[in-house]
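Notes for the structure review
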Amino acid sequence: MADNESGASGFGWFLAGLGVGALIGVLYAPKSGKETREDLVSGALEAKERAAAAAQRTAEAATEYVDKGKQAVNQYVEQGKQVAGEYVDRGREYYDKGRSQWTEYVEKGRHLVNEQQEKVAAAVEAGKDAYVNTTTQS
């Protein structure tokens, strides 16, 4: 903590020395006060223009990054839609395949039941005929 306070104190002394040096420079400058003020104003305006240009470049770069981000998001959304569509199509294929197999099994089951019914009916008829034949012969 003592290091932090001495660092802040050292920075404060640095700024104070910078201010004193600037003041001495202005007092002993070879130019008149009016020329010095004009130079300071000119320098401030140039710094303002440079700052505005830097801000404009930063805004343009940010806009470019935003546009790239939007493009990337749109690309990922389209890829997601495509993959989801593929899964939906695959699901429909499985559903249709399962439904056709189920229908096939149901038809086979009906066919077997009908065959068994016919066999049972034929056996019952054969039994009736045999009964009638045995009872009439006796």
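Residues numbered from 1 in each chain as written. Predicted model: local features only at pLDDT ≥ 70, side-chain atom pairs only at ≥ 80, totals over all residues. Heavy atoms only, no water.

Digging into the overall build of the protein chain
Regarding its fold elements, the protein chain presents two helices and zero strands. Residues counted as buried form 1% of the 138 residues belonging to the protein chain. (Helix = DSSP H or I, 4+ residues; strand = E, 2+ residues; numbered from the N terminus. Buried < 20%, exposed > 50% of the residue type's maximum accessible area, 1.4 Å probe, protein only.)

A short note on the pattern of salt bridges
Counted under the stated rule, the structure contains six salt bridges. For Arg92, the salt bridge identified is with Asp89, shortest N-O distance 3.8 Å. Residue Arg92 and its partner Asp89 are both found in helix H2 (residues 33–137); the two are separated by three residues, about one turn of the helix. Assessed through its relative accessible area of 54%, Arg92 is described here as exposed. Among the ionic pairs, Lys128 bridges to Glu125, the shortest N-O distance being 3.9 Å. (Salt bridge = Lys/Arg side-chain N within 4 Å of Asp/Glu carboxyl O.)

Overview of a nonpolar patch on the surface
On the surface, a cluster of nonpolar side chains totalling about 430 Å² of accessible area is made up of Phe11, Phe14, Leu15 and Leu18. By the element assignment, Phe14 lies in helix H1 (residues 2–27). (Patch = residues over 30% accessible without salt bridge, like charges linked within 9 Å, V, L, I, M, F, W, Y side chains within 5 Å. Areas by Shrake-Rupley, 256 points an atom, 1.4 Å probe, with all protein chains shown as cover.)

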